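Inside the fold
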Amino acid sequence: MKDIVLKKFEEVFGDAEGVKVFFAPGRVNLIGEHTDYNGGHVFPCALTIGTYGVARVREDRKLRFFSMNFERLGIIESSLEELKPSKEAGWTNYPKGVMWAFGEKGYQVPAGMDILLNGNIPNGSGLSSSASVEVVVGAMLREFFGFQVGNQDLALIGQFAENNFNGVNCGIMDQFAIAMGKKDHAIFLDTADLSYTYAPVKMAGAKIVIACSNKKRGLGDSKYNERRSECETALAELQKVVEIGGLGDLSEEQFEEYKSAIKDPVRIRRAKHAVYENQRTIKAVEALKANDIAQFGQMMNASHVSLRDDYEVTGIELDTLVEEAWKVEGVIGSRMTGAGFGGCTVSIVEDGAIDAFIKQVGEAYRAKIGYAADFYVVEIGDGPCIL
């Protein structure tokens, strides 16, 4: 891939003088969905697919962007004077947002850049292509301009850009999982205080399979912000009767004791998901550490049911993929992953069942939904790097 992106850079920008090549992974969350902005735990891992970037510094303040994923758009020009979000800027709002966020944190980008990106994460799939772009651009700025920021800072700056420049109220998980990825490990992250541990993901005789529903969705205009706001209201209602900083502070028993403080049945279900999903994630990681992959799979299944019934973020596409997966022998667990409303499912499938899984689930999905899903057998990879 390095040679491919270098060759394309030369073709697009005339030469490849002074360039460096970078990579940042995508991520998948194994369990712990919609808990990250509720002060709960998540359990994501970085993938070996992601975003490749080629960049160099210019002598002026001009910014030139090119994406191999949106070739028909050609070179999109801007400048360091124009670090404002706009509809016309399209995908370049993500790299520009990171440059703006570095400036807001006291790291002014001093010179323009030529940047080419090529992602092999399916767009809009829920595997965090936007966060991957943010982290790869952050790694470029750090390298070229000598900014003293660690990988955790790259995650926080990426999240800051997404929240304040691109207007998506995301939690920290996506950027954190990408910036802090470690091969063959998932990250058990407490989003309330960013304390984390790496847990080895040993799945002897099984693999992670991602099914992409191919239903396109935009996070900012989905119901994501609505769910977040429902949880914030529920939290404020609970805080009148119990001292908590986030929904993740409650055990299931405490939630059942205090839930009558929430004045709306819909908000009760939303908050219930946040509380129960957080506890499920803690138990799932304990099961994995005890080498009980079957228990981990059951927690994944229960997570999907909660996302479907209490949080209502799945939809017919994701439900079809998961419910068909549950019928296949050799599937240890399956659930939607990401924000929902389209995107992907993640399944743990025994090696001998992978072909049957792809065939059976794929055929049932096409028959019901009317178009195909895509399947990816993935491995857990490292965080961002210079190639």
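Residues numbered from 1 in each chain as written. Predicted model: local features only at pLDDT ≥ 70, side-chain atom pairs only at ≥ 80, totals over all residues. Heavy atoms only, no water.

1. So, the pattern of salt bridges
If you walk through the whole model with that rule in mind, you get 29 salt bridges. A salt bridge links Arg335 to Glu33; the nearest nitrogen and oxygen atoms lie 2.6 Å apart. Of the two residues, Arg335 sits in strand E10 (residues 331-337) while Glu33 sits in the loop between strand E1 (20-29) and strand E2 (41-42), which places them 302 residues apart along the sequence. If you follow the salt bridges from partner to partner, you end up with Asp15, Arg56, Arg58, Asp60, Arg64 and Asp114 in one network. (Salt bridge = Lys/Arg side-chain N within 4 Å of Asp/Glu carboxyl O. Helix = DSSP H or I, 4+ residues; strand = E, 2+ residues; numbered from the N terminus.)

2. So, the sheet that holds E1
Taken together, six strands build an open sheet; the order of strands is E5-E4-E6-E3-E1-E13 and the sheet is mixed. The open sheet has two edge strands, strand E5 (76-79) and strand E13 (385-386), and neither has a second partner. Pairing analysis gives seven bridges linking strand E3 (residues 44-57) to strand E6 (residues 113-119), with the strands arranged antiparallel. Bridging from a neighbouring strand, Thr51 pairs with Gly119 of E6. Across the face of the sheet, helix H1 (residues 2-13) comes into contact with E1, E3, strand E4 (62-67) and E6 while running at roughly 135 degrees to E6. (Pairing = 2+ DSSP bridges. Contact = heavy atoms within 4.5 Å. Axes fitted to C-alpha atoms, helices over the stretch in contact; angles between N-to-C directions.)

3. Section: the pairing of E6
Of all seven residues in E6, seven are buried; the element is thus mostly enclosed. Here E6 shows two buried faces, one formed by Met113, Ile115, Leu117 and Gly119 and the other by Asp114, Leu116 and Asn118. (Buried < 20%, exposed > 50% of the residue type's maximum accessible area, 1.4 Å probe, protein only.)

4. Notes on the packing of helix H6 (residues 224-238) against helix H8 (residues 265-289)
Contact pair H6 / H8: the axes reach a minimum separation of 9 Å and the direction vectors enclose 95 degrees. Classified by the angle between their axes, H6 and H8 sit roughly perpendicular to one another. Contacts between H6 and H8 involve Arg227, Glu230, Cys231, Thr233, Ala234 and Glu237 from the former and Val266, Arg267, Arg270 and Ala271 from the latter. When its residues are assigned to classes, the contact of H6 with H8 shows four nonpolar, one polar and five charged. (Parallel < 35°, antiparallel > 145°, perpendicular 65-115°, else oblique. Nonpolar A, V, L, I, M, F, W, Y, C, P; charged D, E, K, R; others polar.)

5. Things to note about the packing of aromatic side chains
Tallied over the full model, the rule gives 18 aromatic pairs. Where Phe65 meets Trp91, the ring centres are 6.1 Å apart and the plane angle is 75 degrees; that geometry is what we call edge-to-face. With Phe65 in strand E4 and Trp91 in the loop between E5 and helix H2 (93-104), this residue pair connects regions lying 26 residues apart in the sequence. You'll find Phe65 and Trp91 in the same group, each marked buried. A centroid spacing of 5.9 Å and a plane angle of 45 degrees characterise the contact between Phe145 and Phe147, whose relative ring orientation is tilted. Members of the aromatic cluster, each reached through a chain of ring pairs, are Phe102, Tyr107, Phe145 and Phe147. Looking at Lys20, its charged tip hangs above the ring of Phe144, at a distance of 5.7 Å from the centre. The residue whose ring lies beneath Lys182 is Tyr198, and the NZ or CZ to ring-centre distance is 5.0 Å. (Phe/Tyr/Trp six-rings, centres within 6.5 Å; stacked < 30°, edge-to-face > 60°. Lys NZ or Arg CZ within 6 Å of the ring centre and 35° of its normal.)

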